[in-house]
Amino acid sequence: MSAAALLLMGMAAGPAQAADYYESCATNGASGSIATSGWSAGGRSVPSLVMKIYDDKPDGHHVRIRAIASHADTKTYYSWHKNTDGWGTYRTIDTYIPSGAQIYSVGVQVATFEGDTLLYSCTRWV
């Protein structure tokens, strides 16, 4: 098992921080995960959202992560969070999705960037 896969397993919510939903994805140079608490499909907010992003390739690029909410007929893409600390580092982002339209699914998008140019990405839904 790769170091990145082991790290992602370690980033899963444990009993002390039980998550309602968890998902992860990996792309060329980046891997990340999302865990939600206090939300169920059809709810109007996600009170607790923890995202973790890992730079798993010594390629000189930085990595980013963001949450996505799927509504009845649209998707909301939230702001990117960067990890610019370099290869072998990860960053944890504690956030939430504010009250609004019904949220039918929550997703995570993980990407490798060169400057502001997206090079590789993956998206997964919980």
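Procedures and definitions
- Residue numbering note: each chain is counted from 1, following its sequence as written.
- Predicted model: local features are reported for residues with pLDDT of at least 70 only, side-chain atom pairs are reported and counted for 80 or more only, and whole-chain, interface and lining totals are derived from all residues.
- Side-chain measures here rest on the full set of heavy atoms in the structure, leaving out hydrogens and waters.
- The aromatic pairing rule takes the rings of Phe, Tyr and Trp, using the six-membered ring of Trp, and pairs them if the centres are within 6.5 Å, calling planes under 30 degrees apart stacked, those over 60 edge-to-face and the rest tilted.
- Elements are defined by DSSP. Helices are runs of H or I of four residues or more, strands are runs of E of two residues or more, and each kind is numbered from the N terminus.
- Each residue is placed in one exposure class: buried if its accessible area under a 1.4 Å probe, protein chains only, is under 20% of its type's maximum, exposed if it is over 50%, and partly exposed if it falls in between.
- Here, any two strands with at least 2 DSSP bridges between them count as paired.
- Counted as salt bridges are all cases of a side-chain nitrogen of Lys or Arg within 4 Å of a carboxyl oxygen of Asp or Glu.
- Known as pLDDT, the predictor's per-residue confidence is scaled from 0 to 100.
- The criterion used for residue contact is that any of the two residues' heavy atoms lie within 4.5 Å.

### Topic: the packing of aromatic side chains
Phase 1: Enumeration according to the criterion identifies two aromatic pairs in this entry.
Phase 2: Ring geometry for Trp80 and Phe113: centres 5.3 Å apart, planes at 75°, overall edge-to-face. Taken together, the residues span a long stretch of sequence, with Trp80 in the loop between β5 (75–77) and β6 (81–83) and Phe113 in strand β8 (residues 105–114) at a distance of 33 residues.
Phase 3: On the accessibility criterion, Phe113 (4% relative accessible area) is buried.

### Regarding the pairing of strand β9 (residues 117–125)
Phase 1: Alignment of β8 against β9, held across eight bridges, turns out to be antiparallel. Residue pairing for β9: Val108 is matched across the bridge by Arg124.
Phase 2: Here β8 folds back onto β9, and the loop between the two strands holds two residues, one of which, Gly115, carries a positive phi near 60°.

### Brief notes about the pattern of salt bridges
Phase 1: A full pass over the atoms with the stated rule returns one salt bridge.
Phase 2: In this structure, Arg64 engages Asp116 in a salt bridge whose closest nitrogen and oxygen atoms are separated by 3.0 Å. Separated by 52 residues along the polypeptide, Arg64 in strand β4 (residues 62–70) and Asp116 in the loop between β8 and β9 bring together distant segments of the chain.
Phase 3: On the basis of relative accessible area, Arg64 is assigned to the buried category, the value being 7%.

### What about the confidence of the model for the protein?
Phase 1: With 85% of its residues at a pLDDT of 70 or more, the protein has an overall mean of 88.
Phase 2: In this model, residues 1–17 is a region of pLDDT below 50 whose contacts with residues beyond four sequence positions or in other chains number 21 contacts.

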